[in-house]
Each structure stands twice: as structure tokens, then as C-alpha cells.
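# Coordinate analysis (summary)
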Amino acid sequence: MNIDQIFKNNQAWVNEKLGNDPDYFKNLSEGQNPEVLYIGCSDSRVTAEEIMGAKPGEAFILRNIANMVSNLDLSAMSVINYAVSHLKVNHIIVCGHYGCGGVKAAMQSQDLGILNPWLRNIRDVYRLHNQELNQLKTEEEKYRRLVELNVQEQCVNVIKTADVQIAYRSRNLTVHGWVMDMTTGKLIDLKIDFDKVLKGIMEIYHLD
Ligand code: CO
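Quick look at the structure, then. (Residues numbered from 1 in each chain as written. Predicted model: local features only at pLDDT ≥ 70, side-chain atom pairs only at ≥ 80, totals over all residues. Heavy atoms only, no water.)

### Comments concerning the overall build of the protein
Applicable threshold: Only DSSP runs of H or I with at least four residues qualify as helices, and only runs of E with at least two residues qualify as strands; both kinds are numbered from the N terminus onward. Partly exposed residues are those whose accessible area sits between 20% and 50% of the maximum for their type, while under 20% is buried and over 50% is exposed, using a 1.4 Å probe and protein chains only. Should any heavy atoms of two residues lie within 4.5 Å, those residues are counted as being in contact. The Shrake-Rupley method, run with a 1.4 Å probe, gives the accessible areas here. Residue values count only the displayed protein chains as cover. Positive charges are assigned to Lys and Arg, negative charges to Asp and Glu, while His and the chain termini are left out of the count. Charged side chains are reduced to one point each, which is NZ for Lys, CZ for Arg, CG for Asp and CD for Glu.
Secondary structure summary: the protein contains 10 helices and five strands in total. Structurally, the protein occupies a C-alpha span of about 60 × 45 × 30 Å along its principal axes. Of all 208 residues assigned to the protein, the portion counted as buried reaches 40%. Considering only contacts within the protein whose residues lie at least 6 apart along the sequence, 65% involve residues at least 24 apart. For the protein, the exposed surface amounts to about 12300 Å²; the carbon and sulfur share of it is 52%. Across the protein, the 22 positively charged side chains and the 26 negatively charged ones have centroids separated by 4 Å.

This is the structure we're talking about:
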């Protein structure tokens, strides 16, 4: 994909939008009111808006390597704070994907420099679920399950924030754990039972 082509594509997109609605960009510029905060992987194949069919203005997005929610990540904490407390989103989605390079790297014994501290959070997920993962027979099964468990633990990290705990009590906020399967293109809802997960963690992480 060359840079000149990107600007041509952009102009074609502008023309298309204006062709459908001459006020499209005027309306878009007036403000945003997204219903959804989507936290996903930076992987170029898992395009947040496209896989959800979301239009500009419909989803607030955070993407990083392996869809992590670290409480030391000022970007992630700021995005959650703004989305929940100011934009008042009612759904927070953590979406992982099978074949995730970040999760794969965390399963290997290799020094990856600056990626070490980032991927260590995934190793912590492995350690938390060591018993379950070690019962699986093949590396592929472990890899797929770790992708799912990583989504679950990042959802738990979302729930650990004060913004989300406050919103949980005062309105109908829901956290969703999804995995995208690139071999089919489908989004899979992991159907995590958050009431159950919450009961288990709130004794320790309760903030407000
Ligand atoms: Co990934």
C-alpha cells in the first residue's frame, strides 16, 4: 500500500460520503456519542470497525499488542476513564484473536527487549491458569486457550478500574470478552459470566 494511494483512497471515501449526504462531515464534526469502547489487538488483520460494521462515531477504540489492559498503561487507563465517565459508553469489549503474535511470543522463552515487560502480563495470565493450560495436550490447544484466557483477564483488569466499578452500580454497563477467528472472519462471544467473575475479585479489588 503506497502513501499516494492512501490519499486517493481518502478522497474517494470523502466523495462517497458527500454523495450520500452533503452534511456528513458537518454532522460528524459536531461531536461523538459512541455506545461502545472496543479494546483490541494492533494486528493489521483484525480491523476493529470493519469487523463490527461500525461507522465513524460509533465505537471508541484502543488497540495495542495483544489487547492488554495494564494499570500502568496511562493510555489504556485514560481511554477507559474518558469512555466510561465522559462518553458514557454502555459496552466495553475486549477482543482478542486466535493467531495473536503477542500471545505466541509470550509462550516462548526468548528475550524480546522492550516487549519483555509488556508480554510479561500475558505470562502472568499463563501462571494464573497454569493448571488448566497444562492439562491441554498440544501447543496449539494451549495457544488458543491462552488467547481466550488473556481476553478474560483483560476484562477483569477493566473491571478493576474505579470508573467501571462506579458505572456498574449506577447504570447498565456491560463488559464483553470476544475472540476473532481469522480463519473464518467470525467474532466469537466467550460468554464470560461477569457476575461470577466480579464476585470472585471484588473482595480484593473493590474501590468504591
Ligand atoms: Co494479536
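### Considering helix 8 (residues 139–159)
Basically, it comes down to this: For a helix, the expected span equals 1.5 Å multiplied by the number of residues minus one.
An ideal rise of 1.5 Å per residue puts 30 Å on 21 residues; helix 8 measures up with 30 Å between its terminal C-alpha atoms. With respect to burial, helix 8 is a largely interior element, 15 of its 21 residues being buried.

### Considering the layout of surface pockets
What counts is decided by this rule: Any residue with an atom within 4 Å of a point lines the site, the site being either a cavity, points on a 1 Å grid over the protein atoms alone where a 1.4 Å probe fits but cannot get out, or a pocket, an open set with protein on both sides within 12 Å along at least 5 of 7 lines. Grid points are joined across faces, edges and corners, and a volume is the space filled by probe spheres set on the points. Think of it as three bins: nonpolar holds Ala, Val, Leu, Ile, Met, Phe, Trp, Tyr, Cys and Pro, charged holds Asp, Glu, Lys and Arg, and polar takes everything else, Gly as well.
Quantified by volume, the largest pocket comes out at close to 640 Å³. Residue lining of the largest pocket: 24 residues in total, with N71, N121, D124, N157 and K160 positioned closest to the centre. Elements with a contribution of two residues or more to the lining of the largest pocket: helix 6 (115–128), helix 8 and helix 10 (194–205). Residue composition of the lining of the largest pocket, grouped by class: 11 nonpolar, seven polar and six charged.

### Here's the deal with the nonpolar core
Our working definition: Only buried residues count toward a nonpolar core. Its members are Ala, Val, Leu, Ile, Met, Phe, Trp, Tyr and Cys residues joined through side-chain atoms within 4.5 Å.
Of all hydrophobic cores here, the largest spans 47 residues; its most connected members are L37, I39, I80, I92, V103, I122 and V158. With sequence-adjacent residues up to four places away left out, V103 is seen in contact with A66, I122, Y143, L146, V147 and N150. If you look at the next biggest cluster of nonpolar residues, it comprises 10 residues, including V46, A54, A59 and W178.

### Side note on the pattern of salt bridges
Under the convention used in this document: A side-chain nitrogen of Lys or Arg and a carboxyl oxygen of Asp or Glu constitute a salt bridge if their distance falls within 4 Å.
Going through the model one piece at a time under the given rule, you end up with six salt bridges. With its nearest N and O atoms 2.7 Å apart, the salt bridge here joins D43 to R45. The class of D43 is buried, set by a relative accessible area of 14%. Put simply, R145 and E132 hold a salt bridge, and the shortest N to O gap is 2.4 Å. Here R145 is found in helix 8, whereas its partner E132 is found in helix 7 (residues 130–134), with 13 residues between them in sequence.

### Describing the packing of aromatic side chains
Applicable threshold: For this analysis, a ring pair means two rings from Phe, Tyr or Trp (six-membered ring only for Trp) whose centres lie within 6.5 Å, classed as stacked if their planes differ by under 30 degrees, edge-to-face if by over 60, and tilted for the remaining angles. Throughout this description, the term charge over a ring refers to an Arg CZ or Lys NZ atom that lies within 6 Å of the ring centre and within 35 degrees of the ring normal.
In this structure the tally under the stated criterion is three aromatic pairs. Here R144 stacks its cationic end above the ring of Y98, 3.9 Å away from the centre of that ring.

### Some points on a nonpolar patch on the surface
Selection criterion: In this analysis, a patch consists of residues with relative accessible area above 30% that form no salt bridge, clustered at 9 Å for like charges and at 5 Å for the nonpolar side chains Val, Leu, Ile, Met, Phe, Trp and Tyr.
Together, M1, I3, I6 and F7 make up a nonpolar patch on the protein surface, roughly 510 Å² of accessible area in all. Here I6 shows up in helix 1 (residues 3–20). What makes I6 partly exposed here is its relative accessible area of 36%.

### Describing unusual backbone geometry
Most peptide bonds take the trans form, and the phi angle of most residues other than glycine is negative. The backbone phi angle of A66 is positive, close to 65°, even though this residue is not glycine. Structurally, A66 can be placed in the loop between strand 2 (59–64) and helix 4 (74–86). In this structure A66 comes out as buried when scored by relative accessible area, which is 0%. Positive phi is not limited to glycine here, since K191 has a value of about 50°.

### A look at the coordination of the cobalt ion
As a reminder, the rule being used: The donor definition counts N, O and S atoms within 2.8 Å of each metal and applies 3.2 Å to Na, K and Ca; water is not among these atoms, so some sites may look incomplete.
For the cobalt ion, every protein donor is listed as C41 (SG), H97 (NE2) and C100 (SG), and the spread of their distances is 2.1 to 2.3 Å. Going along the chain, you hit the donors of the cobalt ion in the pattern C-x55-H-x2-C. One end of the pair, C41, is in strand 1 (residues 36–41); the other, H97, is in strand 3 (residues 91–97), with 56 residues separating them in the sequence. Accessibility classification places C41 together with H97 in one group, the buried group.

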